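Okay, here's what each chain looks like letter by letter:
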Amino acid sequence: MTRTRMGVFVSMFCVFAFLSCSGDEDEEDLGNWIDRSVLDGTPRSSSAAFSIGNKGYMGTGYDGDDYLTDFWIYDMDGNFWSQGATFPGIARSAASSFTIGDEGYVGLGFDGDNELADFYKYTPASNTWTPITDFQGNPRRGAVGFGSDTHGYIGTGFDGDNDRKDFWKYDPNTDTWTEIVGFGGTKRRNATTFKIGNLVYMGTGVSNGRNQTDFWAFDLTSDSWIALLDIDDDDDYTIVRSNAVGFPIGDKGYIACGNGGTGTLSSVWEYDPSTDLWEEKTNYEGVSREGSVGFYDGTRAFLALGRSGNLYLDDNREFFPLEEEDEDD
């Protein structure tokens with residue numbers, strides 16, 4: 001080969017290699033976390049949280065020494081925290097929550113000695129708590145909760161002796177709980193959910209020391225379950241974990257941080273409901289953690305608090321899934 005032809009070949013190879021590497025780097029770095037206002041209160045993990053409109057609500061939890069009852073409100077637009085009315089139940093961690101319309105509900109959990117069954121309604125307009133009928137399943141902690149415009153749902157968790165897989169529906173008009181059937185998945189505690197449209201997606205969690213791999217969608221219009229691909233279906237997936245945070249942004253769902261079985265995680269995975277497939281995004285930019293909370297309004301999402309080993313956290317970051325990573329913001 002002549003020197004000229006060799007030079008052209010090398011140049012073309014370098015251009016191809018540069019484009020290939022650049023494309024891989026862009027894909028790997030897609031997703032950016034930006035620092036937001038830290039919690040004014042005590043750093044903590046395993047708090048209960050819910051979102052209504054452009055505000056996130058968070059309370060209870062454990063700070064490494066004490067179980068807590070204080071309650072805080074994060075304004076997503078203004079980027080500030082304010083303190084709300086104290087949670088009226090006994091101090092606890094690993095409680096569950098859901099929203100129905102423009103009201104939030106918090107209950108269950110663990111007080112350091114016992115699993116709990118009491119439940120309370122929070123009304124943001126008046127900043128008041130009202131007790132509702134106790135949960136009618138076994139008292140438990142680490143259960144998942146989610147809601148619709150008309151009903152709330154609680155399921156899975158740990159009752160002090162066994163992990164659970166039962167699900168219950170709360171009707172605010174009659175203040176009653178009804179068990180719903182049809183979930184074919186495994187028992188678990190500390191699972192994760194996110195809601196897109198009328199479907200609530202649920203997966204992860206741990207039972208008998210093993211991270212669970214099944215993944216499900218719950219149809220809120222029919223109270224029925226749909227089995228989806230396992231979250232270890234692809235050899236490249238590393239999604240399985242417990243005590244993670246789930247949240248939606250637009251038409252995608254996300255699972256972030258948690259405990260992988262050997263320690264805390266900072267990885268983030270994006271779920272596409274149209275393909276039932278996952279794609280890894282940029283890691284959470286703070287320290288790896290579990291027991292965090294998530295706030296979201298459908299187009300924006302925040303991940304805050306949690307713990308890493310014995311370090312309890314009060315930081316808060318917003319996630320931008322379509323931006324390239326920038327560690328300086």
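Scroll up for the structure.
This write-up is about the structure you can find in this document. (Residues numbered from 1 in each chain as written. Predicted model: local features only at pLDDT ≥ 70, side-chain atom pairs only at ≥ 80, totals over all residues. Heavy atoms only, no water.)

Note on aromatic pairs: each is described by the distance of the centres and the angle between the planes. Scanning the model with the defined rule gives 49 aromatic pairs in all. Look at Y74 and W81: their rings are 5.0 Å apart centre to centre, the planes differ by 45°, and that puts the pair in the tilted class. Accessibility assignment for this pair places Y74 and W81 in one class, buried. Between F183 and W225, the ring centres sit 4.7 Å apart and the planes meet at 50°, which makes this aromatic pair tilted. (Phe/Tyr/Trp six-rings, centres within 6.5 Å; stacked < 30°, edge-to-face > 60°. Buried < 20%, exposed > 50% of the residue type's maximum accessible area, 1.4 Å probe, protein only.)

This part covers the pairing of strand β4 (residues 71-75). With respect to burial, β4 is a largely interior element, five of its five residues being buried. The pairing of strand β3 (residues 55-59) with β4 spans five bridges and is antiparallel. Counted as the bridge partner of Y57 is I73 from β4. As paired elements, β4 and strand β5 (residues 80-83) share four bridges and run antiparallel to each other. When the bridges of β5 are listed, I73 appears paired with S82. The turn joining β4 and β5, which pair antiparallel and follow one another in sequence, is formed by four residues; a positive phi near 60° is taken by N79. (Helix = DSSP H or I, 4+ residues; strand = E, 2+ residues; numbered from the N terminus. Pairing = 2+ DSSP bridges.)

Strand-to-strand pairing in sheets goes through backbone hydrogen bonds, with the strands running parallel or antiparallel. Taken together, four strands build an open sheet; the order of strands is β1-β28-β25-β24 and the sheet is antiparallel. Looking at the sheet topology across the chains shown, the edges are occupied by β1 (30-36) and β24 (293-296). On average, each strand axis in the sheet is inclined to that of its neighbour by 30°, with strand direction left out of account. As defined by bridge partners, β1 adjoins strand β28 (residues 316-324) across six bridges and the pair is classed as antiparallel. Bridge pairing links D35 to R317 in β28. (Axes fitted to C-alpha atoms, helices over the stretch in contact; angles between N-to-C directions.)

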